[in-house]
Amino acid sequence: MKHPVYMDHNATTAVLPAVQKAVARALELTGNASSVHGAGRAARKVIEDARDRVAALVGAKSADVVFTSGGTEANNLAIRGLQQDLGQARVLASAVEHTSVLKAASNIETIAVDSEGVVDLEALDTMLAGASSTNGAGPALVSVMLANNETGVIQPVAGVAAVAKRHGALVHCDAVQAAGKISIDIAALGVHMMSLSAHKIGGPAGVGALVLAGDLAHGANLFPIVLGGGQERGRRAGSENLTGIAGFGVAAEEALKDLPEFPNLAVWRNRLEDELGRRQGVHVFGAGAPRLANTSCLTMPGVVAERQIIAFDLAGIELSAGAACSSGKVEPSHVLAAMGVAVDEADTAIRVSLGWTTADQDIDAFLAAWVDIFERTKAAAKEVEAA
Ligand code: PLP
């Protein structure tokens, strides 16, 4: 068995070899992309090539890609940048959004999801038709992710956009987890802004993009939240992260090329779920909804996630409990809570996320470790009971 077995690709996926090479090449460049001399122009070319590739991943125009420091900043730019223009506009976000959306504005109104974690379009319609609970000048902004980081559940974003359009609302879509995993066409989805992050698609961490479309394509309504120079057409100040952007571009190109293969990961994901799902009390969250092929959020009855993660780590298997991508500490999952999962059960849920380094024997290793941890915990509990 290869050690360690990495099953946390939704947190960060391994950097692709082609990306490593591109980053190393970019490190050899000296110029600032804003400089007009040859060195500056060489740096500029790397950035613009990457912009083309990132745009192609989601069917956008290159000029509409704004590079940021990652998905978190892209989400903040979408919401805060637009709010500045619209003056405390209403912001409606699904209850299962990433915290970088939910914390981006103080007046977020959450849209309910069903027990599979799918956003309730009727609830959205009603909310948009109704009076705002907050001060609502100008069009509202609706933010719904394309795929959830904890469960992999895919949201009906085109449906969200259709409802929003009826009410004259703008739509932002956090596609950080969906990119490279499902095919994305920003125009077909009908959204106005879309967030991406390089380290979820085999690129380096610390670089991402907000992709604009439609009315926002020329930055008319988007205020920068990082102020200073005129980089990124005035939408995001600061000398560009040349190496990160170079890597992001190659990662986007590779992700687009490898997209047809991604659904194959479901074979392993399903094997794992079929094997464990037969056991009494094991629940796979979101299994009744369309999901990413690589993600499984499942319980180990009676064993809290924190304990599981440590035990798996000791067994050489690296994975996360729910939304651990920001803190490393295990906090109650707001995603599972929104799906109506009781706290006690949610506390026993871990996230397995597969990726391009996953191999058949990883699934065997995970299953063996799972059974071992479960049986040992049960035996220990019995001993305590008997004592
Ligand atoms: N949005 C989603 C759905 C995510 O899963 C993450 C990270 O896990 C982010 C946003 C934040 O992206 P970044 O880590 O690039 O800031």
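Residues numbered from 1 in each chain as written. Predicted model: local features only at pLDDT ≥ 70, side-chain atom pairs only at ≥ 80, totals over all residues. Heavy atoms only, no water.

**Student:** How should helix α1 (residues 17-27) be read in this particular structure?
**Tutor:** An α-helix turns once per 3.6 residues; consequently, residues spaced three or four apart project the same way. For α1, the complete set of buried residues consists of Val19, Ala22 and Ala26. Angularly, the buried residues of α1 cover 60 degrees about the axis, an arc narrow enough to put them on a single face. Residues of α1 that are exposed and angled more than 90 degrees away from the buried face: Lys21, Arg25 and Leu27. Looking at the buried side of α1, the elements it contacts are α8 (242-258). (Buried < 20%, exposed > 50% of the residue type's maximum accessible area, 1.4 Å probe, protein only. Helix = DSSP H or I, 4+ residues; strand = E, 2+ residues; numbered from the N terminus. Arc of directions from axis to C-beta. Contact = heavy atoms within 4.5 Å.)

**Student:** In this structure, what is going on with the environment of Ile310? I would like to understand it.
**Tutor:** Summarising the element assignment, Ile310 is placed in helix α10 (residues 305-314). You can call Ile310 exposed: its relative accessible area is 52%. As for Ile310 and Ser320, which are separated by 10 residues in sequence, their C-alpha atoms are 9.8 Å apart.

**Student:** Which parts of the structure should I look at to understand the packing of aromatic side chains?
**Tutor:** The relative placement of two aromatic rings is captured by the distance of their centres and the angle of their planes. Tallied over the full model, the rule gives three aromatic pairs. Ring geometry for Phe67 and Phe248: centres 6.0 Å apart, planes at 65 degrees, overall edge-to-face. Here the residue Phe67 occupies a position in strand β2 (residues 65-68), and Phe248 occupies one in helix α8, the gap between them amounting to 181 residues. Overall, Phe248 belongs to the buried group, its relative accessible area being 1%. Ring plane angle 35 degrees and centroid distance 5.2 Å describe the contact between Trp370 and Phe374, whose orientation is recorded as tilted. (Phe/Tyr/Trp six-rings, centres within 6.5 Å; stacked < 30°, edge-to-face > 60°.)

**Student:** Is there a simple way to explain the sheet that holds strand β7 (residues 193-197) in this structure?
**Tutor:** Consider a sheet: its strands pair through backbone hydrogen bonds, and that pairing is either parallel or antiparallel. The strand order across the open sheet formed by seven strands is β2-β8-β7-β6-β5-β3-β4, and the pairing between neighbours is mixed. Every interior strand has two partners, whereas the edge strands, β2 and β4 (108-111), have only one. Across the sheet, the axes of successive neighbouring strands diverge by a mean angle of 20 degrees, strand direction being ignored. Note: β7 against strand β8 (residues 208-212), five bridges, orientation antiparallel. From the neighbouring strand, Ser197 faces β8, where its bridge partner is Gly208. Sheet strands touched by helix α2 (residues 38-57): β2, β7 and β8. Its angle to β2, the strand with the most contacts, is close to 110 degrees. (Pairing = 2+ DSSP bridges. Axes fitted to C-alpha atoms, helices over the stretch in contact; angles between N-to-C directions.)

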